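Listed here are the chains, written in short residue letters.
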Amino acid sequence: GNSLPSEGIKDILVAAGIGVFQTSALIGDWNIMISRLRDGDEVPNKAIAIFDAPGLAPEPGLDINYPGIQIVVRGEPNGYVDTHKKCRDIRDVLLGRPSETRGGDVWASVTMTGDIMPLGYDDNERPEFSMNFQLIIHQGDLSAPWRDPT
């Protein structure tokens, strides 16, 4: 594809008002991160981490990929109910989206594998949940009889 699935998911969540994405100053209510769940004095408790995951095997002869996405959501200490609500909001924004073009690729489908999974609490009594999504992405032009890296 022309972009990482995690980048596209981040863009969708930011556009939907789910959270903010800041590469330098980690500010805002729900902080969206890619590929890591940061922690520390400068990092808000409320965090949404988006990870690229293996998904299913890509089509060998067509530019169709089936990447996975894992999203881990961390809330305020003892904020189980609010954190679960944020997970439901994320699920409702992503699940069953209509086909759309993102970065030159066609995102044909977003489904879930399972539902919202509680992970328990971290060492600071913050609830964590995990969600796994399955994407179908048509990479660029599908007219060629082989995979085209452009």
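The preceding data block contains the structure.
Structural notes, computed from the coordinates. Quick caveat: nothing in here was measured; it's all calculated off a predicted structure.

### Some details on the packing of helix 1 (residues 5-15) against helix 2 (residues 80-94)
Axis separation between helix 1 and helix 2 bottoms out at 10 Å; the angle between their running directions is 110°. Comparing their axes, helix 2 and helix 1 come out roughly perpendicular. Judged by residue contacts, Ile-9, Ile-12 and Leu-13 of helix 1 engage Ile-90, Val-93 and Leu-94 from helix 2. A breakdown of the residues in the contact of helix 1 with helix 2 according to their chemical character gives six nonpolar, no polar and no charged.

### Points about helix 1
What helix 1 keeps buried is the set Pro-5, Ser-6, Gly-8, Ile-9, Lys-10, Ile-12 and Leu-13. After helix 1 finishes, the residue Gly-17 shows a positive phi value of roughly 80°.

### A word on the environment of Ile-90
Secondary-structure assignment places Ile-90 in helix 2. Note: C-alpha distance between Ile-90 and Ile-48 (42 residues apart in sequence) is 9.6 Å.

### A word on the pairing of strand 3 (residues 64-74)
The element strand 3 is extensively covered by neighbouring structure, given that 10 of its 11 residues are classed as buried. Pairing of strand 2 (residues 47-56) with strand 3 involves eight bridges; the strand directions are antiparallel. Bridge pairing links Phe-51 to Gln-70 in strand 3. Sheet topology places strand 3 next to strand 7 (residues 127-138); nine bridges connect them, and they run antiparallel. Within the sheet, the bridge partner assigned to Ile-69 lies in strand 7 and is Phe-133.

Conventions and cut-offs
- Residues numbered from 1 in each chain as written.
- Predicted model: local features only at pLDDT ≥ 70, side-chain atom pairs only at ≥ 80, totals over all residues.
- Heavy atoms only, no water.
- Axes fitted to C-alpha atoms, helices over the stretch in contact; angles between N-to-C directions.
- Helix = DSSP H or I, 4+ residues; strand = E, 2+ residues; numbered from the N terminus.
- Parallel < 35°, antiparallel > 145°, perpendicular 65-115°, else oblique.
- Contact = heavy atoms within 4.5 Å.
- Nonpolar A, V, L, I, M, F, W, Y, C, P; charged D, E, K, R; others polar.
- Buried < 20%, exposed > 50% of the residue type's maximum accessible area, 1.4 Å probe, protein only.
- Pairing = 2+ DSSP bridges.

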